[in-house]
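So you can see what is in the structure, the chains are spelled out below.
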Amino acid sequence: MSTSTSHPSDRIGALMALGAAEPSETPSQHRQLTVMFADLVGSTALLEEHGPEAFSDLLRIYHNLCTEATRTQDGTVANYLGDGVISYFGYPRGTEDDPLRAVQAAWAILQNLERLNRKLAGARLEARIGIATGRVIIHQKPGDHYGENVVGACLNKAARLQVLASANTAIVCAATRKLAGKAFDFEDLGPQNLKGFEQRETVFRLPPRQRQGPGGFARLRGERRTPLVGRDRELALLRQMTARAAGGSGGAAVLVGEPGIGKSRLIDVLRHDEAQESVRYLSLQCSPAHQFSSLHPVKDYLDWVSGVNADDPRDVRRDKLRRLFQSAWQTDEEQTAVLMDVVASSGPEQEANADIGMLLKRRMAFQILSKKVFSTAVPGHPLLLVFEDVHWIDPTSAQFLENLVRNAANHACTVLSTTRPEGPFAGRLNALGEIVPLDRLSDEQSVELARATGLAAGMDDETLNVIVEKSDGVPLFVEEYASMLAENLGAREKAEGPEERRDVPLTLGGLVQNKLDRLNPHAQKVARIGATVGRVFDLQLVRSLSALGRTTFDKALATLEAADIAHRGAGSGSQPAASFKHALVQDAVYGSLSTAERRRLHGRVADAMLSDKGGRRINAEVLAEHLLAAARNRESAEWRLTAAMAAAGEGSAAEALAHITRGLAATELLPAGGERDDLELRLRAIEGPTLMVTRGPGSPAFGTAQARALELLRGRDKPDNLIPVIYNTALHDWACGRLAEADRVTDEIFAILEAEPSDAAYLSAHTMRGLVAWHRGDNPAALEHLSATVGRYSPTLHREFYMRFLKEFGVFGQFYLGLTHTVMGNATAGAEHAKAALELAKLVRRPHAYGFALLANFVTAMLRDDVRTASRYSEESIEFASQQGFPEFLAMSMICQGWAKVKRGAIDTGIHQMEEGAGLWAMTGFENWQAYFAGLLSDAYVAVGRLADAGALLDRHDERVARFGEAQFEPLLARSRAMLLSAAGDAEGAAASMRTARDRALRNKAALWASGR
């Protein structure tokens, strides 16, 4: 059947078929495309009325008219479907205003048809036109200049839109309407149903007349150095800050604004300001690829300043850093060792070193680094220290930055950060100093900036107005528009003479696509590979992946520089690298790749990293991201696990948890089965304990992770790690106050111990049984089981248990054994066990174990009423827990500090701190110990006459103790009740409560409280 006589829906089917095939062996790319489908109205009637020969002539005239209008607007006629013409705008070469050119082509077709009809005798030609814009995949074949293999919804949409059009009208989609700007007064036809599309779409009719002058709104992306415009106030503020720093009074500020607003440009101007000649400048750059690499910007800077190359072996890197610290910085042996442990770690292959000291060493390293930074800042020669792009900062560097900000005022230093509104400091930007928001430019400032580029000399006011309308006050967009308009005007004047000016692109994708299309194939290839690698890309790696010879590669790179897309010289150390002019330019180049091409390139990057041909260190985080983008999800999850272990080994719990979370997300993309379950289990086995450490054992997230790990384990024939998972499940039950359930789960470990005796089963079973027994008030049983743990534990033989349980049984056993002896009346033995816990923690060097050892010392001191000792250890614990991120340690330390203040007479202050600590403890989900805190707080309330508050608190916790079975603190609550009743004048009730306290203490063998302490 001839398409010239077919129904429009048949031709739509043909159009769909045109884009249906997806050749598997041809290269492909993503790009924005505008499709125009122009259908001849009433072709069957014309054929019947005029006959085949005359109709053929009319059809040829119609085709020629559509072709001329398309080519005049630099479009491509992709296909003739009988009486329909399909045209593309944006292929094979994209220009900056493809949607507008498609609309102008349609308008020309309709106008020319009206003129033609006035000349034709006895015939009238009319068209229905549909125009749609969207992303497509183009599968390229050699010699294909017409887009024969294009796949994208906009093809089908254009066909559906032309069906909606009446004779001699054009209908455009919402995206085309927006991108075409204000050249036409489109008529809004409202939401319409388009066959084959689920969502209704608002469509617009092209009017018969075109407006005078272009217009519109856009956000573009890119970067170009230009004079600074519209930032006088901000620049003056920063100059004032550096001037104050020169006088010895430093400070801090943060520049906040959207991409392209000019944060880096403002700093660049400040840095090169003649008035700032005496100012030293130091910049640390955060990276989106290293948001969970501990201290990345610091380590990156130290590598650069010490001359470390990316391909340096680990021992060479460490030697260079050590030489920097000792020779240049004059650090002593202890300081050098601290710095080497904190900032010279060698990545996942290094043996995990999660020693106690890692938090203490990190704190010491911060002090050393801060001292070194501030030592270069002296009155008269201040320092401008810049942290760029802190929306990408890793958690540990964020702590370091806040430390610098807090101390800047005491030095001749200005700490300046830049950030987008989002990121880890969103909502608390004042932590970075004075907030300096960068707003968009006014219209007048935009014109000034456009003129100041030096590119707008030949532009009239109308052109400048186009720039203003489209840039929307974003300096980066003003520069790019001015540049592109200047280039286009110059090229057209040389080639064709005066010509009507056309609109500019409304997306960076269109702008960068235009630039890419003008490049030779080698330069395009290098740009796309570089965009896959990252904002900064290693030239050696990209050249290897491009398979280009050195001369050809260098020419391609020079072409990218000339096009202002990427520039050399952004590497670390002496390793050659290049950088895209702006992160958003990289995004746009990367967006031009098809999904298949992205996967292929990411896979090749990952393989290059894994091959380690140059002896380069593998960054597990970066490698995992490339593997994930290559759809190699299992490998990505494996490397996330490696990164998590390395982060945990460095004591960076927040970073470790982030890697685990991403690793689990990668496993969800794997097909269901044993391989996926095995990988998930390995991640869950680390996730649970990490959540326990970072959020506390009562955390619901910890419980969820343990439940899932246990579910995975129980489905295996010979489950590895079964004991740690069961133990941590019981630990969660214990922390949540489910003591009976924790005891039941512990029975499973004892059953395993009986069937297959092992130290892992022995230590975990007796430790957990001892914990539960102590909180239930069964002190003899607690003494028996905890003594068994302490007696069996060996720090040498059982060192590897920590990585399985994230628990040092020796330290934890000594902690609770000390509590047990103290409560049973032997305070001396209790103190000795607490000290033994601290000595053991220093020996095994695990942060979490050290935290428990501090708790052991201040809690046993509280029980024996030793205010001085309790205050000293809890003060150290507050700083330790805050830096390390241990919420329950911090909460209990705050309660102890408040208790000490109450004991020393600062009752109101102490109450406030105790209340704050108790609230934080409850937030962790930890139910145990709350009755103890309530007793302490109730006594303080009574001391200041808040009897009603004390009564309500005791009532609530009497109920909790009964519900959870935490009988250890029943005597304490009864004593507190007696104190309350006595203060209320109820002597008889007070005496009865004291008898209850003694009875319950004797029942529990708790001589401490039976004696009335």
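What counts, and at which threshold
- Position labels on residues start from 1 in each chain and follow its written sequence.
- Per-residue local features of the predicted model are confined to residues with pLDDT of at least 70, and side-chain atom pairs are confined, for both listing and counting, to 80 or more; whole-chain, interface and lining totals are unaffected and use all residues.
- Side-chain metrics rest on all non-hydrogen atoms present in the structure, leaving aside hydrogens and water.
- The helix and strand labels rest on DSSP assignments: H or I over at least four residues marks a helix, E over at least two residues marks a strand, and numbering proceeds from the N terminus.
- Each residue is assigned to one of three classes by its accessible area relative to the maximum for its type, calculated with a 1.4 Å probe on protein chains only: buried under 20%, partly exposed between the two thresholds, exposed over 50%.
- Any two residues whose heavy atoms approach within 4.5 Å at even a single point are treated as in contact.
- If DSSP finds at least two bridges between two strands, the strands pair.
- Note on geometry: axes are lines fitted to C-alpha atoms, helical ones only across the stretch in contact, with angles between N-to-C directions running from 0 to 180 degrees.
- Each residue carries a pLDDT score, the predictor's own confidence in it, on a scale running from 0 to 100.
- Each residue after the first adds 1.5 Å to the expected span of a helix.
- Salt-bridge detection follows one rule: a side-chain nitrogen of Lys or Arg within 4 Å of a carboxyl oxygen of Asp or Glu.
- Think of a nonpolar core as a cluster: buried Ala, Val, Leu, Ile, Met, Phe, Trp, Tyr and Cys residues, connected wherever their side-chain atoms sit within 4.5 Å.

Asks: Sorry, what's going on with the overall build of the protein here?
Replies: Per the secondary structure count, the protein includes 42 helices and 16 strands. When each of the 1013 residues of the protein is scored for burial, the buried share is 58%. Once local pairs closer than 6 in sequence are excluded, the contacts in the protein between residues at least 24 apart make up 71%.

Asks: Quick question: what am I supposed to make of the sheet that holds strand E11 (residues 383-388) here?
Replies: Across a sheet, paired strands are connected by hydrogen bonds in the backbone, their directions being either parallel or antiparallel. With respect to topology, five strands assemble into an open sheet ordered E10-E11-E12-E9-E13, the strand pairing being parallel. Edge positions in the sheet fall to strand E10 (280-285) and strand E13 (434-437), since each of these pairs with one other strand and no more. Geometrically, the sheet is characterised by an average inter-axis angle of 20° between neighbouring strands, direction not taken into account. Here strand E9 (residues 251-256) pairs with strand E12 (residues 413-419) via six bridges, running parallel. Its bridge partner lying in E12, Val256 is registered against Thr419.

Asks: Please explain the confidence of the model for the protein as it appears in this structure.
Replies: Caution applies to low-pLDDT regions: their predicted coordinates should not be interpreted in detail. Residues with a pLDDT of 70 or more make up 86% of the protein, whose mean pLDDT is 83. Put simply, helix H1 (residues 8-18) is where the protein has its lowest mean pLDDT, 46, and helix H30 (residues 779-792) is where it has its highest, 96. This stretch, residues 1-9, has a pLDDT under 50; its non-local contacts, to residues over four places away or in other chains, come to 15 contacts.

Asks: Whenever I open this one, the environment of Ile726 confuses me. Can you help?
Replies: Tracing the backbone through its elements, the reader meets Ile726 in helix H27 (residues 722-735). Taking the relative accessible area as the measure of exposure, Ile726 reaches 1% and is therefore buried. The spatial distance from the C-alpha of Ile726 to the C-alpha of Ala742 is 9.8 Å, given a sequence separation of 16 residues. If we ignore the near neighbours within four places in the chain, the residues touching Ile726 are Leu710, Val745, Glu748, Ile749 and Ile752.

Asks: So what exactly am I meant to see when it comes to helix H32 (residues 809-823) here?
Replies: Residue pairs spaced three or four apart in an α-helix point in one direction, given the helix's 3.6 residues per turn. Compared with an ideal rise of 1.5 Å per residue, which puts 15 residues at 21 Å, H32 spans 21 Å between its outermost C-alpha atoms and is within 8% of the ideal. Backbone geometry just downstream of H32 places Gly825 in the positive-phi region, at approximately 105°.

Asks: Can you walk me through the pattern of salt bridges in this structure?
Replies: Two side chains of opposite charge can pair, provided their charged atoms sit close to one another. Scanning the model with the defined rule gives 44 salt bridges in all. In this structure, Asp866 engages Arg864 in a salt bridge whose closest nitrogen and oxygen atoms are separated by 3.7 Å. Salt-bridge contacts for Arg946 lead to Glu915; the nearest nitrogen and oxygen are separated by 3.5 Å. Taken as a pair, Arg946 in the loop between helix H38 (930-943) and helix H39 (947-964) and Glu915 in helix H37 (residues 907-923) lie far apart in primary sequence, 31 residues in all. For Glu915, a relative accessible area of 30% corresponds to the partly exposed category. Sharing partners across several salt bridges, the network here consists of Glu680, Arg684, Glu687, Arg708 and Glu711.

Asks: How should unusual backbone geometry be read in this particular structure?
Replies: Glycine aside, residues mostly have negative phi, and peptide bonds are mostly found in the trans state. The backbone phi angle of Asp389 is positive, close to 60°, even though this residue is not glycine. As for its placement among the helices and strands, Asp389 is situated in the loop between E11 and helix H12 (395-407). Of the residues examined, Asp389 reaches a relative accessible area of 13% and is grouped as buried. Positive phi values are uncommon outside glycine, yet Ala547 reaches one of about 60°. Here Ala547 is to be found in the loop between helix H18 (539-546) and helix H19 (550-562). The class for Ala547 is exposed, based on a relative accessible area of 66%.

Asks: When you look at the nonpolar core in this model, what are you seeing that I'm missing?
Replies: Nonpolar side chains in soluble globular proteins generally cluster together in the buried interior. Grouped together as the largest cluster of nonpolar side chains are 115 residues, with contacts concentrated most on Trp734, Tyr816, Phe858, Trp929, Tyr932 and Trp1009. Element by element, the count of residues in this core is highest for helix H34 (residues 847-863), at 12 residues. When sequence neighbours within four positions are dropped, the list of residues in contact with Phe858 reads Ala870, Tyr873, Ser874, Ser877, Met892, Ser893 and Cys896. Core analysis: the second largest hydrophobic core is formed by 44 residues, Val338, Ala365, Ala408 and Val415 among them.

Asks: Would you mind going over the side chain of His63 with me for this structure?
Replies: Here His63 lies in helix H2 (residues 43-72). Setting aside chain neighbours within four positions, we find His63 in contact with Tyr80, Gly82, Asp83, Gly84 and Val85.

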